[in-house]
Amino acid sequence: MTDELYDVIIIGGGPAGLTAAQYTARSKLKTIVLDKSPTAGALAYSNRIENYPGITEPVTGLQLLDMFRNQALKFGAEYAETQVVGINFSDEIKEVFGTVKTYKGKTIIVATGSMGRKPGIPGEEQFLGKGVSYCATCDAAFFKDLAVCVVGDSEEAVKEAGVLVRFAKMVYLISPLKEPGYPMDGPPFSSDKVLIMAGTRVVSIHGTDVVTNIKLKNTESGEERDMPVDGVFIYLAGNKPVVDFLNASVSISEKACILTHRSMETSIPGVFAAGDVTCGEVRQVVVAAAFGCIAALSAEKFIHNRTRARSDWSKS
Ligand SMILES: Cc1cc2nc3c(=O)[nH]c(=O)nc-3n(C[C@H](O)[C@H](O)[C@H](O)COP(=O)(O)OP(=O)(O)OC[C@H]3O[C@@H](n4cnc5c(N)ncnc54)[C@H](O)[C@@H]3O)c2cc1C
């Protein structure tokens, strides 16, 4: 346990959490961002962002995240790469349990996003690390001259197929959509080692000690068939708010998103939530950042016991 008491502990280092950090740190509140990984959030998965205001040339999600993080650090926020595994919100001073230490804070902002997809394909969990992977950059070299499939229809999936094609003898790019949502020009589509299988769903993954084959289903005809593969790389976007570490301490909707008031306060006073983990309908970087701003100003109001949130510009 650290003896340091933070004014604001922010759980999650995506656009919502880092924007909140920027505002609270700039307001001279002692702020720390606890982030599982700078590459694990939704924005980190995005190859190309061109609709965030002020970004006139496309940037990768990771580049935009770096800008957000550097801005928050510049204003004095601390950043710790650690996964939050539990909380205790029952007292006025709240506790947040990281993998290595416990943090104490007067207010909490939960901004853990919605990338909480659990292994969903039968066989996926069983063969994880035995042919199933989520990272071509990490594992492609293990599949030299073998046949692999990439499951997903994001640009991320295509990028990872581009890594795999340098090693594997065949890469099947499997998308449940009839018209996958990525541009099909350019690499890796020019390679004769890449076969697009649109309108196809992976029903299950099979093997012995390692993956040997998958069962496929044609999404139109319903026809099923087996296909031998040695590796299954899965890039299905997560769509489950990351709330498991909260142990149902705050009110959560039927869809498992965190319910908040307009001030972004949760059912527990002093605990706020922002971004994709909340029940907002629009999931975009600019919206997550805006929620983060509101949560930060509300946390500041809570700490200073004011009746109204102060606009950030009112002190400049
Ligand atoms: C493939 C893809 C493409 C997209 N393209 C666009 C686009 O072009 N334009 C756009 O505006 N939006 C886009 N979005 C949506 C946008 O990325 C999200 O709306 C936005 O990132 C949400 O921000 P967030 O901070 O709420 O969550 P996230 O960005 O998901 O960040 C959550 C953070 O919480 C951390 N975290 C999770 N669990 C824990 C834990 N237990 N302990 C500590 N930290 C934890 C994660 O590591 C991560 O850093 C895209 C999303 C995806 C998936």
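What counts and how
Sequence order as written defines residue numbering, which begins from 1 separately in each chain. Only residues with pLDDT of at least 70 get local features here, since the model is predicted, and only at 80 or more are side-chain atom pairs given and counted; chain-wide, interface and lining totals rely on the full set of residues. With hydrogens and water excluded, all non-hydrogen atoms of the structure serve as input to the side-chain values. Any Phe, Tyr or Trp ring, taking Trp's six-membered ring, that has another such ring centre within 6.5 Å forms a pair; planes under 30 degrees apart are called stacked, those over 60 apart edge-to-face, and the others tilted. A run of H or I in DSSP counts as a helix once it spans at least four residues, and a run of E counts as a strand once it spans at least two, with each numbered from the N terminus. Only protein chains enter the area calculation, which uses a 1.4 Å probe; residues under 20% of their type maximum are buried, those over 50% are exposed, and those in between are partly exposed. Disulfides are defined as pairs of cysteine sulfur atoms found within 2.5 Å of each other. The rule for pairing is simple: two strands pair if DSSP sees at least two bridges between them.

Enquirer: What exactly am I supposed to notice about the packing of aromatic side chains here?
Expert: Any aromatic ring pair is given by two values, namely how distant the centres are and how the planes are angled relative to each other. Tallied over the full model, the rule gives 3 aromatic pairs. When the ring of Phe143 is compared with that of Phe233, the centres are 5.3 Å apart and the planes differ by 75 degrees; the resulting orientation is edge-to-face. Taken together, the residues span a long stretch of sequence, with Phe143 in the loop between helix H4 (136-139) and strand E8 (147-151) and Phe233 in strand E14 (residues 231-234) at a distance of 90 residues. We classify Phe143 as buried; its relative accessible area is 8%. Here the aromatic rings of Phe272 and Phe302 are separated by 6.3 Å at their centres, their planes lie at 80 degrees, and the arrangement is edge-to-face. In this pair, Phe272 sits in strand E15 (residues 271-273) while Phe302 sits in helix H6 (residues 285-303), placing the two residues 30 residues apart along the sequence.

Enquirer: Please explain the state of the cysteines as it appears in this structure.
Expert: Defined simply, a disulfide is a covalent bond joining two cysteines at their sulfur atoms. In total, this model carries 1 disulfide according to the counting rule given. The disulfide partner of Cys257 is Cys279, and the S-S distance across this bridge is 2.1 Å. Measuring handedness by torsion sign, the sulfur bridge of Cys257 and Cys279 sits at about 105 degrees and is right-handed. Remark: Cys279 occurs in the loop between E15 and H6 and Cys257 occurs in the loop between E14 and E15; sequence separation between them is 22 residues. Since its relative accessible area comes to 8%, Cys257 is described here as buried. In this model Cys293 remains outside any disulfide bridge; the closest cysteine sulfur is found in Cys279, 20 Å from its own.

Enquirer: What should I look at first to understand the sheet that holds E14 in this one?
Expert: Remark on secondary structure: sheet strands pair via backbone hydrogen bonds, oriented parallel or antiparallel. Taking strand neighbours across the sheet as the criterion, the 5 strands line up as E7-E14-E8-E9-E10 in an open arrangement whose pairing is parallel. With partners counted over all chains shown, the strands left at the sheet margins are strand E7 (132-133) and strand E10 (194-198), one partner each. Note that strand E9 (residues 170-175) and E10 share 5 bridges and pair parallel. Its bridge partner being in E10, Leu173 is matched across the sheet by Ile196.

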